[in-house]
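Chains, contacts and geometry: an overview
Here is how the chains run, residue by residue.
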Amino acid sequence: MSFVPGQPMCVVAQQIEIKKLRQGDHLILGFSIGGGIDQDPGQNPFSEDKTDKGIYVTRITPGGPAEAANLMMGDKILQVNGWDMTMVPHDKARKRLTNKKEDVVRLLVTRKTLEEAVKHSMGYPNQCH
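Keep in mind that what you see is a predicted model, and the values were worked out from it rather than measured.

1. Quick notes on the environment of R96
Note that R96 resides in helix α2 (residues 90–97). Between the C-alpha atom of R96 and that of N81, which follows or precedes it by 15 residues, the distance is 8.3 Å. Look past the residues within four positions of R96 in its chain and what remains in contact with it is V80, W83, M85 and E102.

2. Considering the packing of aromatic side chains
Counted according to the given criterion, the structure contains one aromatic pair. Seen in terms of ring centroids, F46 and Y56 are 6.1 Å apart; in terms of plane orientation they differ by 20 degrees. Their pairing is stacked. Taken together, the residues span a long stretch of sequence, with F46 in the loop between β4 (31–35) and β5 (55–60) and Y56 in strand β5 at a distance of 10 residues. The exposure class assigned to F46 is partly exposed, which follows from its relative accessible area of 25%.

What counts as what
- Per chain, the residues get numbers from 1 upward, laid out in the order the sequence is written.
- Predicted model: local features are reported for residues with pLDDT of at least 70 only, side-chain atom pairs are reported and counted for 80 or more only, and whole-chain, interface and lining totals are derived from all residues.
- Side-chain numbers come from the whole structure's heavy atoms, not from hydrogens or water.
- Helix and strand labels come from DSSP, where a helix needs a run of H or I of at least four residues and a strand needs a run of E of at least two; each type is numbered from the N terminus.
- In what follows, residue pairs with any heavy atoms lying within 4.5 Å of each other are defined as contacts.
- Any two of the Phe, Tyr and Trp rings considered here, Trp counted by its six-membered ring, make a pair once their centres fall within 6.5 Å; the pair's planes then place it as stacked at under 30 degrees, edge-to-face at over 60, or tilted in between.
- Throughout, exposure labels follow a simple rule: accessible area from a 1.4 Å probe, protein chains only, divided by the maximum for the residue type, with under 20% read as buried, over 50% as exposed, and the rest as partly exposed.

In structure tokens form, the structure reads like this:
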């Protein structure tokens, strides 16, 4: 899922809606993220070519809201409530996700298994049309 900044990219995406769990003053999503344009992409276990500075799901809390919404470890977050997450610093992505004014987070994600299934069904082994 690597891309060249400023160039169009072709991905298979899925929308996931997570209802935050309220615990006192805290709103819980039930997942952690890694990545961002200010992070070392070589440390990202989900980046195939180790140059991808995207935001990835690195941990899912068992029984939490993210697991209930079918978010998966390794999912790449493309959007949060309509905001582009493909070229953001880690902290900005975290703030978008944890906005206390929003009880629901709508994510647009891509995952390797989605892309592989669509490419296989369309007969395109290594390209997206």
